[in-house]
Amino acid sequence: MEHDLRDARMGRAQVIECNGAQEGLWDGFRWMFRRGDALPEFDIDVTIVGSGLSRPFSRRYTLRPAAWIGPLELIGRPLTGVA
């Protein structure tokens, strides 16, 4: 089976830690898509713990492309059900 990939694009997302002094790549992923395909969405849960915090700092996000060709956007989600 052959696929016509002339209009195909490869999307890429990377999770990078930025602590002010240096950056560190944690994880990343790529995906192939064509115009008209459903755009992917990835749910990300972030928890920050530290000695100066009385409890962990948690946030939930959905990462998705804004359009077929365009920047990624990070949309906040409710914290319901997060421990």
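Small disclaimer: the values here were computed from a predicted structure and weren't measured.

## Section: the packing of aromatic side chains
Tallied over the full model, the rule gives 4 aromatic pairs. Seen in terms of ring centroids, Phe29 and Trp31 are 5.7 Å apart; in terms of plane orientation they differ by 35 degrees. Their pairing is tilted.

## Some points on the layout of surface pockets
What the largest pocket holds in volume is close to 490 Å³. Around the largest pocket, the lining is made up of 18 residues, and of these Val15, Ile16, Glu17, Ile44 and Val46 lie nearest the centre. Secondary structure elements with two or more residues in the lining of the largest pocket: β1 (8-18), β3 (42-48), β4 (57-65) and β5 (72-77). Examining the composition of the lining of the largest pocket, we find that 7 residues originate from one element, β1, more than from any other. When grouped by side-chain class, the residues that make up the lining of the largest pocket number 12 nonpolar, 3 polar and 3 charged.

## A closer look at the sheet that holds β5
The strand order across the open sheet built from 3 strands is β3-β4-β5, with neighbouring strands paired in antiparallel fashion. Strands with a single pairing partner mark the edges of an open sheet, and in this sheet they are β3 and β5. Between one strand and the next, the sheet's axes are offset by a mean angle of 30 degrees, whatever the strand orientation. In the sheet, β3 pairs with β4 via 7 bridges, with the strands oriented antiparallel. Its bridge partner lying in β4, Val46 is registered against Arg59.

## Things to note about a nonpolar patch on the surface
A contiguous nonpolar patch, built from Val46, Ile48, Leu53 and Phe57 and spanning about 310 Å² of accessible area, is present on the exposed surface. Phe57 sits in the partly exposed class, given a relative accessible area of 38%.

## Digging into the side chain of Thr62
With respect to the helices, strands and loops of the structure, Thr62 is situated in strand β4. You can call Thr62 buried: its relative accessible area is 8%. A distance of 2.9 Å separates the side chain of Thr62 from the side chain of Asp43, its partner in a polar contact. At a separation of 3.3 Å, a polar atom in the side chain of Thr62 contacts the side chain of Arg77. Each residue touching Thr62, except ones within four places of it in the same chain, is listed here: Glu41, Phe42, Asp43, Glu73, Leu74, Ile75 and Arg77.

Reading the values: the criteria
- Residues numbered from 1 in each chain as written.
- Predicted model: local features only at pLDDT ≥ 70, side-chain atom pairs only at ≥ 80, totals over all residues.
- Heavy atoms only, no water.
- Phe/Tyr/Trp six-rings, centres within 6.5 Å; stacked < 30°, edge-to-face > 60°.
- 1 Å grid on protein atoms, 1.4 Å probe; cavity = no way out; pocket = protein on both sides within 12 Å on 5 of 7 lines; lining within 4 Å.
- Points joined across faces, edges and corners; volume = space filled by probe spheres on them.
- Helix = DSSP H or I, 4+ residues; strand = E, 2+ residues; numbered from the N terminus.
- Nonpolar A, V, L, I, M, F, W, Y, C, P; charged D, E, K, R; others polar.
- Pairing = 2+ DSSP bridges.
- Axes fitted to C-alpha atoms, helices over the stretch in contact; angles between N-to-C directions.
- Patch = residues over 30% accessible without salt bridge, like charges linked within 9 Å, V, L, I, M, F, W, Y side chains within 5 Å.
- Areas by Shrake-Rupley, 256 points an atom, 1.4 Å probe, with all protein chains shown as cover.
- Salt bridge = Lys/Arg side-chain N within 4 Å of Asp/Glu carboxyl O.
- Buried < 20%, exposed > 50% of the residue type's maximum accessible area, 1.4 Å probe, protein only.
- Polar contact = N/O pair within 3.5 Å; in protein donor to acceptor, adjacent residues only side chain to side chain.
- Contact = heavy atoms within 4.5 Å.

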